[in-house]
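Structural overview for review
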Amino acid sequence: MEATLEQHLDDTMKNPAIVGVLCTDAQGHNLGCRGSLSDEHGGVVSVLAKQAASLTKDPTDSPTVCLESDSGNVLVRTHGSITVAVHKIVS
(Lines give C-alpha, C1' and ligand atoms only; values in the text may rest on other atoms or scores of the structure.)
Protein backbone atom coordinates (compact mmCIF):
# COMPACT_ATOMS: atom_id res chain seq x y z
CA MET A 1 0.00 0.00 0.00
CA GLU A 2 2.83 2.41 0.79
CA ALA A 3 4.21 2.18 -2.75
CA THR A 4 0.73 2.85 -4.15
CA LEU A 5 0.30 5.90 -1.91
CA GLU A 6 3.72 7.23 -2.90
CA GLN A 7 2.78 6.82 -6.57
CA HIS A 8 -0.51 8.71 -6.04
CA LEU A 9 1.37 11.54 -4.32
CA ASP A 10 3.85 11.74 -7.20
CA ASP A 11 1.05 11.66 -9.78
CA THR A 12 -0.84 14.42 -7.95
CA MET A 13 2.25 16.65 -7.96
CA LYS A 14 2.47 16.36 -11.76
CA ASN A 15 -0.47 18.77 -12.01
CA PRO A 16 1.16 22.22 -12.47
CA ALA A 17 -1.52 23.93 -10.34
CA ILE A 18 -0.73 21.74 -7.31
CA VAL A 19 2.24 22.72 -5.15
CA GLY A 20 1.68 20.41 -2.18
CA VAL A 21 -0.14 17.28 -1.05
CA LEU A 22 -0.37 15.54 2.34
CA CYS A 23 -2.03 12.36 3.62
CA THR A 24 -2.57 11.67 7.32
CA ASP A 25 -4.24 8.98 9.39
CA ALA A 26 -7.04 9.67 11.89
CA GLN A 27 -4.50 10.66 14.58
CA GLY A 28 -2.75 13.17 12.30
CA HIS A 29 0.29 10.99 11.66
CA ASN A 30 1.87 11.67 8.30
CA LEU A 31 1.40 8.88 5.76
CA GLY A 32 3.09 10.79 2.95
CA CYS A 33 3.63 14.32 1.69
CA ARG A 34 5.12 16.29 -1.18
CA GLY A 35 5.89 19.93 -1.91
CA SER A 36 4.67 22.75 0.33
CA LEU A 37 2.80 20.48 2.78
CA SER A 38 5.03 18.67 5.27
CA ASP A 39 4.99 16.52 8.41
CA GLU A 40 4.37 19.57 10.58
CA HIS A 41 0.98 20.16 8.92
CA GLY A 42 -0.43 16.68 9.63
CA GLY A 43 -2.02 17.43 13.00
CA VAL A 44 -3.65 20.66 11.84
CA VAL A 45 -5.03 19.04 8.69
CA SER A 46 -6.47 16.14 10.68
CA VAL A 47 -8.13 18.43 13.24
CA LEU A 48 -9.60 20.69 10.53
CA ALA A 49 -11.24 17.70 8.87
CA LYS A 50 -12.61 16.38 12.19
CA GLN A 51 -14.00 19.77 13.20
CA ALA A 52 -15.66 20.24 9.80
CA ALA A 53 -17.25 16.79 10.09
CA SER A 54 -18.65 17.73 13.50
CA LEU A 55 -20.62 20.57 11.89
CA THR A 56 -22.79 18.22 9.84
CA LYS A 57 -25.69 16.16 11.17
CA ASP A 58 -25.06 13.31 8.73
CA PRO A 59 -22.27 11.10 10.14
CA THR A 60 -21.60 9.67 6.66
CA ASP A 61 -21.04 13.15 5.19
CA SER A 62 -17.41 14.10 4.55
CA PRO A 63 -17.18 17.86 4.04
CA THR A 64 -14.37 19.54 2.13
CA VAL A 65 -12.58 22.37 3.92
CA CYS A 66 -11.22 25.12 1.66
CA LEU A 67 -8.71 27.57 3.10
CA GLU A 68 -8.40 30.46 0.68
CA SER A 69 -5.66 33.07 0.36
CA ASP A 70 -4.45 35.44 -2.33
CA SER A 71 -1.72 33.00 -3.36
CA GLY A 72 -3.64 29.74 -3.30
CA ASN A 73 -6.09 27.34 -1.67
CA VAL A 74 -5.65 24.34 0.59
CA LEU A 75 -8.41 21.75 0.23
CA VAL A 76 -8.85 19.22 3.04
CA ARG A 77 -11.12 16.15 2.97
CA THR A 78 -11.32 12.81 4.75
CA HIS A 79 -11.73 9.60 2.76
CA GLY A 80 -12.40 6.72 5.13
CA SER A 81 -9.56 6.78 7.66
CA ILE A 82 -7.23 8.94 5.55
CA THR A 83 -7.31 12.73 5.41
CA VAL A 84 -5.93 14.40 2.29
CA ALA A 85 -4.83 18.01 1.90
CA VAL A 86 -4.01 19.56 -1.47
CA HIS A 87 -2.35 22.96 -1.87
CA LYS A 88 -3.29 24.60 -5.17
CA ILE A 89 -1.97 27.89 -6.53
CA VAL A 90 -4.41 30.47 -7.84
CA SER A 91 -4.55 30.45 -11.61
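Cut-offs and rules
- Each chain carries its own residue numbering, running from 1 in the written order of its sequence.
- Local features are withheld for residues below a pLDDT of 70 in this predicted model, meaning they are given only at 70 or higher, and side-chain atom pairs are given and counted only at 80 or more; totals for whole chains, interfaces and linings count all residues.
- Remark: hydrogens and water are excluded; side-chain values derive from all non-hydrogen atoms of the structure.
- Two strands qualify as a pair provided that DSSP identifies no fewer than 2 bridges between them.
- Under the DSSP-based scheme used, a helix requires at least four consecutive residues in state H or I and a strand at least two consecutive residues in state E, with every element numbered from the N terminus.
- Throughout, exposure labels follow a simple rule: accessible area from a 1.4 Å probe, protein chains only, divided by the maximum for the residue type, with under 20% read as buried, over 50% as exposed, and the rest as partly exposed.
- Put simply, buried Ala, Val, Leu, Ile, Met, Phe, Trp, Tyr and Cys residues joined by side-chain atoms within 4.5 Å make one nonpolar core.
- The contact definition used throughout considers only heavy atoms, calling two residues in contact when any of these lie within 4.5 Å.

1. Let's talk about the pairing of strand β2 (residues 30–35)
Bridge count between strand β1 (residues 18–24) and β2: five bridges; the pairing is antiparallel. Looking across to β2, one finds that Val21 is bridged to Arg34. Between β1 and β2, which follow one another and run antiparallel, lie five residues, and Gly28 among them has a positive phi close to 90°.

2. Quick notes on the environment of Leu9
Within the fold, Leu9 resides in helix α1 (residues 2–13). Accessibility expressed as a relative area gives 1% for Leu9, which makes it buried. A sequence separation of 13 residues divides Leu9 from Leu22, and the C-alpha atoms of the two residues are 8.0 Å apart.

3. Some points on the nonpolar core
Leu22, Leu37, Val45, Ala49, Ala52, Val65, Val74, Val76 and Ala85 together form the largest nonpolar core, which totals nine residues. For this core, the secondary structure elements donating two or more residues are α2 (42–54) and β4 (72–79). Not counting the four nearest positions on each side in its chain, Ala85 is found in contact with Gly20, Val21, Leu22, Leu37, Val45, Val74, Leu75 and Val76. Leu9, Ile18, Val21 and Val86 belong to the second largest nonpolar core, which has six residues in total.

By themselves, these observations are geometric and do not establish any function.
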